[in-house]
Amino acid sequence: MDPFVFVEDAGPLVRWSVPLVRVGHDVAAAVTVASLVFAASLVPARALSGPRMRSLAPSAPLRLAAGAGLVWAVLALVGVVLTFADAAGLPLSSPALGAQLQTLVWQVDATRIGLLTGGCAVVVATGAVLARSRVAAGWLGALGALGVMVLGLASHTGASDDHETSVDAMALHLLGATTWVGGLVVLVVLHGWLGDRPGGQLGVTARRYSTLALVAFVTVGLSGVLAATTRLASWSDLGTPYGRLIVVKSLAFVALGLAGWWHRRRSLPALDAGVGQRAFVRLALGEVAVMGATFGVAAALSRSAPPVPEDLPDPTPALAVTGFPAPPDPSAVAWWATWRTDWLWLAVAGVLIGVYAACAVAARVASARALVESHRDDSQAGRREARTVVPWPVGRSVSWVLGCLLLVWVTSGPLGVYGRVSLAWHTALLLVLALVVPLLLVAASPVTLAEWALPQRDDGTLGPREVVVGVARSGAVRALTRPVTATVLLVGALVLLHATGLLDLALTTHPGHLLMTVAALGVGALWATGMVGPGGNGPRGSRTLLSCLGALDLFAFAAAAWLARTSTVLGAAVLGGLDLPWLRDLEADQRRAAGVILFVVVPVSVLLAVVVLLRSQRAGGRGR
């Protein structure tokens, strides 16, 4: 919460500079991130280049990223000063501005986020100067995208019960707009450089960008609609000043979508044929102008009060602390039917299912094509290949869908609802996210499916296959998925969350809760890969896996015993302040959390032990 109330006007210089600097900041951030994406994944290497040359990132996008990143960092810091001056009602000439800025800059949400984004921009700009490989450019692009998404936290802060939905939608909106707008600007700036490179690289790069822009277009549209529904109560609110800005932004969005359709229908085939470059640039420049105006509208929206208030006049303790209304007593309602949609994870699960299904279909098509080709080969090797080519197993697809559906149920169902107000429910939420969901997803072998289905690029760029397989097969991931290492990491992460103040952050803040969810899924995926991966075959590997499962059970029993006997109540300051009539005895709730640990960990360990023994027995049979 901000430490002062906006009661004074900082003057016309500050009032007009804030939105102008924000537009420049957003454009610079978009160009920075997009340039790094171009360097890593879109611009192909020169023809006849060797493997080492293909792995090097092209210099022009990196130089553009470094320059735009510097502008991004400078405008982020300027924006911090202007935003603080605007919030405090102090003109830039005020002698009190400097002292208050040093004292309060970290306490104001908008300026704190601005500092974080500016620091990210400095790192990205410096990295772009030093980077040489496409892999380095890709990691810098990911860091820049994270810095852009952080801005969503400052879009509209408040204590309304749809605050988290608004923040998530705005973060995805910013990421999609950054990719779309920044990519088009980079394409316009570098079109001459791309056109001079041999092999028609402008056409190849433009077509790859077009695919990425289509994904960004859909992301921007859906997230924009979701964000608007949280700020508008009815269709009549479109007549308010805030609603009219949304209408203008929507019309610009439709116009840009039509321009993109024209590009895909007319401009890209002309570029592939080596003509039409001038017409493409003219249309793209028009798009950039419309996009710049849209950024200005977005800046105005961020400074406008929506029809639906962001802060309730007298929120309940549960709403003020967790951001959600207090749920009813689970013993008095059908708790298993409790539901509060978490749109972020619902969208993630939907995308995961859709991508997996598309890859499974692609794998079947590739399998059929391989069968046809092998039947044309009359050699013995060809006939042997024909017998070994098989479609993607249905069981793995079922496991993937179940894992995604469980993720939705856990985050939107009773565990997600009651996990914000009760330690026992929070423990169930965390353990299912870390132990059960990852096991189902890893059992579906998504990396193997990516190797089967996704096309491999031979021009040095990092396509979807190269990214997925490269990360999954990297030395760091292989080290972290060793059974002993993964088990220690899992136990250490659980202890770190509950032995520090991170638990309070996960219960009271959206970034903390989101970080906890992502960390649980990530650490759980590493542990699941170590448990069910191919390294456990054979007697020695089986003994290692069984020892790790036994150690996990010992930790579970020790943790449960400590929770049941200790007088220290975890999260007491937060949970006790919620004033829930059905949760007065926090010690009893903690004892229930101890039972939850055993109820989740022990069955998972037993099931995995059975799987390990069966795999070991099967491997031994094949060895004989």
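See above for the structure.
What counts, and at which threshold
Residues numbered from 1 in each chain as written. Predicted model: local features only at pLDDT ≥ 70, side-chain atom pairs only at ≥ 80, totals over all residues. Heavy atoms only, no water. Helix = DSSP H or I, 4+ residues; strand = E, 2+ residues; numbered from the N terminus. Buried < 20%, exposed > 50% of the residue type's maximum accessible area, 1.4 Å probe, protein only. Contact = heavy atoms within 4.5 Å. Areas by Shrake-Rupley, 256 points an atom, 1.4 Å probe, with all protein chains shown as cover. Expected span 1.5 Å × (residues − 1). Core = buried A, V, L, I, M, F, W, Y, C linked by side-chain atoms within 4.5 Å. Axes fitted to C-alpha atoms, helices over the stretch in contact; angles between N-to-C directions. Parallel < 35°, antiparallel > 145°, perpendicular 65-115°, else oblique. Nonpolar A, V, L, I, M, F, W, Y, C, P; charged D, E, K, R; others polar. Polar contact = N/O pair within 3.5 Å; in protein donor to acceptor, adjacent residues only side chain to side chain. Salt bridge = Lys/Arg side-chain N within 4 Å of Asp/Glu carboxyl O. Arc of directions from axis to C-beta. Patch = residues over 30% accessible without salt bridge, like charges linked within 9 Å, V, L, I, M, F, W, Y side chains within 5 Å. Left-handed = near helix turned anticlockwise from the far one by under 90°. Phe/Tyr/Trp six-rings, centres within 6.5 Å; stacked < 30°, edge-to-face > 60°. Lys NZ or Arg CZ within 6 Å of the ring centre and 35° of its normal.

Visitor: Could you clarify how one ought to interpret the overall build of the protein in this entry?
Guide: When helices and strands are tallied, the protein shows 26 helices and 0 strands. Counting the 624 residues in the protein, one finds 47% classified as buried. At a minimum sequence separation of 6, the contacts of the protein that also span at least 24 residues come to 80%. Here the protein has roughly 30000 Å² of accessible surface; of this, 69% comes from carbon and sulfur atoms.

Visitor: Would you mind showing me how to read helix α15 (residues 394-412) here?
Guide: Three- or four-residue spacings in an α-helix give side chains the same orientation, since the helix completes a turn every 3.6 residues. For α15, with 19 residues, the first-to-last C-alpha span of 27 Å sits near the 27 Å given by 1.5 Å per residue. Those residues of α15 that sit buried are Ser399, Trp400, Gly403, Cys404, Leu406, Leu407, Val408, Val410, Thr411 and Ser412.

Visitor: Explain the environment of Pro438 here, please?
Guide: Mapped onto the elements, Pro438 comes out in helix α17 (residues 423-443). When the C-alpha positions of Pro438 and Leu521 are compared, they lie 6.3 Å apart, and in sequence the two are 83 residues distant. Not counting residues within four places of it along the chain, the set of residues in contact with Pro438 comprises Val432, Leu433, Leu521, Gly524, Ala525 and Ala528.

Visitor: Teacher, can you tell me more about the nonpolar core here?
Guide: As a rule of thumb, soluble globular proteins bury nonpolar side chains together. By size, the foremost hydrophobic cluster in this structure holds 78 residues, and its most contacted members are Leu490 and Trp527. Here this core takes 15 residues from α17, the largest share from any one element. What Trp527 contacts, discounting residues up to four positions off in sequence, is Leu435, Leu439, Ala486, Thr487, Leu490, Leu549, Leu552, Val604 and Leu608. Membership of the second largest hydrophobic core comes to 33 residues, among which are Val181, Leu194, Leu271 and Met291.

Visitor: For this particular structure, what's the right way to read the packing of helix α3 (residues 59-88) against helix α4 (residues 96-104)?
Guide: The description of two packed helices rests on the angle between their axes and on the distance between the axes. As a packed pair, α3 and α4 sit with axes 11 Å apart at the nearest point and diverge in direction by 105 degrees. Here α3 is positioned roughly perpendicular relative to α4, judged by the angle of their axes. The residues of α4 that touch α3, namely those facing Val81, Phe84, Ala85 and Ala88, are Leu97, Gln100, Leu101 and Leu104. Looking at the contact of α3 with α4 residue by residue, the class counts come to 7 nonpolar, 1 polar and no charged.

Visitor: Please clarify how the side chain of Asp26 should be interpreted in this entry.
Guide: Secondary-structure assignment places Asp26 in helix α1 (residues 12-42). A distance of 3.0 Å separates polar atoms of two side chains, one belonging to Asp26 and the other to His25. Discounting residues that sit within four places of it in the chain, Asp26 has contacts with Leu151 and Phe295.

Visitor: Would you mind going over the pattern of salt bridges with me for this structure?
Guide: A side chain of one charge can pair with a side chain of the opposite charge if their charged atoms are brought near each other. Tallied over the entire structure, the rule returns 6 salt bridges. A salt bridge links Arg473 to Glu451, with the shortest nitrogen-to-oxygen separation between them at 3.1 Å. A residue pair is termed long-range when its members are at least 10 positions apart, and Arg473 in the loop between α19 (464-472) and α20 (475-480) and Glu451 in helix α18 (residues 446-453) qualify at 22 residues. Arg473 sits in the partly exposed class, given a relative accessible area of 38%. The salt bridge partner of Asp589 is Arg592, with a shortest N-O separation of 3.5 Å. Note that Asp589 and Arg592 are positioned in helix α26 (residues 586-623) at a spacing of 3 residues, about one turn of the helix. Asp589 gets classed as buried once you look at its relative accessible area, which sits at 2%.

Visitor: Would you take a moment to explain unusual backbone geometry for this structure?
Guide: Although it is not a glycine, Ser445 sits at a positive phi angle of roughly 55 degrees. Its place among the elements puts Ser445 in the loop between α17 and α18. Taking relative accessible area as the criterion, Ser445 reaches 18% and is therefore assigned buried.

Visitor: Would you explain α4 in this entry?
Guide: Leu97, Leu101 and Leu104 are the residues of α4 that are buried. All buried residues of α4 lie within an arc of 95 degrees about the axis, which places them on one face of the element. Turned more than 90 degrees off the buried face of α4, the exposed positions are Gln102 and Thr103.

Visitor: Even after reading the chapter, I still don't get the environment of Ser94, so can you show me in this structure?
Guide: Among the secondary structure elements, Ser94 is positioned in the loop between α3 and α4. Residue classification places Ser94 among the buried positions, given a relative accessible area of 17%.

Visitor: When you look at the environment of Arg303 in this model, what are you seeing that I'm missing?
Guide: Examined against the element boundaries, Arg303 turns out to sit in the loop between α11 (277-302) and α12 (317-322). Taking the C-alpha atoms as reference points, Arg303 and Val18, separated by 285 residues in sequence, lie 9.5 Å from one another. In contact with Arg303, not counting residues within four places along its chain, are Arg15, Val18, Pro19 and Asp86.

Visitor: Please clarify how a nonpolar patch on the surface should be interpreted in this entry.
Guide: Where nonpolar side chains cluster on the molecular surface, the patch consists of Val135, Trp139, Val467, Val468 and Val471 and spans about 450 Å² of accessible area. At the level of elements, α6 (134-150) and α19 are the ones that each hand at least two residues to the nonpolar patch. Counting residues per element, the nonpolar patch draws most heavily on α19, which supplies 3 residues. Note on placement: Val471 falls in helix α19.

Visitor: Honestly, the packing of α1 against α3 in this entry has me stumped. Any pointers?
Guide: Where α1 contacts α3, the axes come no closer than 7 Å and their chain directions differ by 155 degrees. With respect to their mutual orientation, α1 and α3 come out roughly antiparallel. For the element pair α1 and α3, the recorded crossing hand is left-handed. Of the residues in the contact of α1 with α3, the class split is 21 nonpolar, 8 polar and 1 charged.

Visitor: Mind showing me how you'd approach the packing of aromatic side chains here?
Guide: Pairs of aromatic rings are described using the distance from one ring centre to the other and the angle between the two planes. The full count for this structure, using the stated rule, is 10 aromatic pairs. Ring geometry for Trp180 versus Phe217: centroids 5.4 Å apart, planes at 90 degrees, classification edge-to-face. Taken together, the positions of Trp180 in helix α7 (residues 163-189) and Phe217 in helix α9 (residues 201-231) put the pair 37 residues apart, joining distant regions of the chain. Looking at Phe217, the relative accessible area reads 24%, which means it is partly exposed. Centre to centre, the rings of Trp261 and Trp262 are 6.3 Å apart; their planes meet at 55 degrees, and the pair counts as tilted. Trp261 sits in the partly exposed class, given a relative accessible area of 48%. Judged by relative accessible area, Trp262 falls into the partly exposed class, the value being 39%. The rings of Trp335, Tyr418, Trp425 and Trp582 are connected pair by pair, giving a single aromatic cluster. Directly above the ring of Phe324 sits Arg340, whose terminal nitrogen or CZ lies 3.8 Å from the centroid. It is Arg396 that lies over the ring of Trp392; its NZ or CZ is 4.9 Å from the centre.

Visitor: Just to check I follow, could you spell out the side chain of Thr566 for this structure?
Guide: With respect to the helices and strands, Thr566 occurs in the loop between α24 (539-565) and α25 (572-575). By relative accessible area, which is 19% here, Thr566 ends up buried. Within the structure, the side chain of Thr566 is placed 3.1 Å from the backbone nitrogen of Thr568, a separation counted as a polar contact.

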